[in-house]
Structure formats: C-alpha cells, structure tokens
Amino acid sequence: MNRALLSVICPPLAVCRYGCAGCCAAPIAVFWLAAIVGLLYGYNGGPLELEGISWYTFGLGITLWVIASIWSMVTLYGVDADSCDNSQKNSFCDPLRKLDESDPMDEVRKAQ
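We now turn to the structure provided with this report.

What counts, and where the lines are drawn
- Counting restarts for each chain: residues are numbered from 1 in the order of the written sequence.
- Given that this is a predicted model, residues contribute local features only at a pLDDT of at least 70 and side-chain atom pairs are listed and counted only at 80 or more, while totals for whole chains, interfaces and linings are drawn from all residues.
- Only hydrogens and water are removed before side-chain values are computed, so all heavy atoms of the structure are retained for them.
- Pairing of aromatic rings covers Phe, Tyr and Trp, the last through its six-membered ring, and needs centres within 6.5 Å; plane angles under 30 degrees mean stacked, over 60 mean edge-to-face, and all others mean tilted.
- Secondary structure follows DSSP: runs of H or I at least 4 residues long count as helices, runs of E at least 2 residues long count as strands, and numbering of each begins at the N terminus.
- In this text, buried Ala, Val, Leu, Ile, Met, Phe, Trp, Tyr and Cys residues form a nonpolar core when linked through side-chain atoms within 4.5 Å.
- Under the scheme applied here, a residue whose accessible area is under 20% of the maximum for its type counts as buried, over 50% as exposed, and between as partly exposed, the area being computed with a 1.4 Å probe on protein chains only.

Considering the packing of aromatic side chains
Okay, so step 1: With the rule as written, the count across this model stands at three aromatic pairs.
Okay, so step 2: When the ring of Phe 31 is compared with that of Trp 71, the centres are 5.7 Å apart and the planes differ by 80 degrees; the resulting orientation is edge-to-face. With Phe 31 in helix α3 (residues 25-43) and Trp 71 in helix α4 (residues 55-78), the pair connects residues that are 40 residues apart, well separated along the chain.
Okay, so step 3: Ring geometry for Trp 32 versus Trp 65: centroids 5.9 Å apart, planes at 75 degrees, classification edge-to-face. Note that Trp 32 is positioned in helix α3 and Trp 65 in helix α4, a separation of 33 residues in sequence.

Here is the structure:
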C-alpha cells in the first residue's frame, strides 16, 4: 500500500510504518478510534436514540476521520527521509523488536 492510501484507511499505522514521528501516532490513533466510535454510534441512532441514522453524530465521525487522515499525511510528507532515525520510530511503534529475549530462569540460576 502506498502512503496516501494507508493514511486514509488507517492513519496511525501509516505514521508508524512510514513516518519518523512516532510521538504523533498515539494522538492520531485517538482521533481515528473516536471517528470509528462516532460512525458506529451515529449509525445506531446516536445520543438521541433515533430510529434511523443520527447524521450529526455520523458527520462528527467522518470529520474526526478526515482530521486523523490529514494529520497523518502532514506528518508523513513533512518528514525528511534523510533525517529519519529508525531507532526512534521503532522505540514507539515497534516495541517488540526491543524486548529482552533472555531466559528469566538463567537470571535465577546466576543468583544462586
């Protein structure tokens, strides 16, 4: 997937995958998840428990999704590829690579 399409479909994943600003992934994810909740809640009637779709709540969800998408695009295209430090990106978005895979029982055996 290219950057623009991933920024529209899943903005936090696009920032984690292609961007260097890992600190922006969390707030973008909050906006994106709030957009999903707004869309689902609006589709089910919204806060007024309407029989049909609550268009104001549904529109709020779409607006939040657009904000998250634009924010991720600005983050992705504002980052210079030469100044990108991959260790900074991985420290926030991919913590599983940094896990200590040593055996904890080895530590116990060393202590005895």
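From this point, the narrative continues.
Looking at the nonpolar core
Okay, so step 1: Ranked by size, the top nonpolar core spans ten residues in total: Leu 6, Cys 10, Ala 14, Val 15, Cys 24, Ala 25, Ile 28, Trp 32, Ala 68 and Leu 76.
Okay, so step 2: Residue assignment for this core shows that the elements contributing at least two residues are α2 (11-18), α3 and α4.
Okay, so step 3: The leading source of residues in this core is α3, at three residues.

Concerning unusual backbone geometry
Okay, so step 1: Phi is positive for Glu 49, which is not a glycine, with a value near 50 degrees.
Okay, so step 2: As for its placement among the helices and strands, Glu 49 is situated in the loop between α3 and α4.

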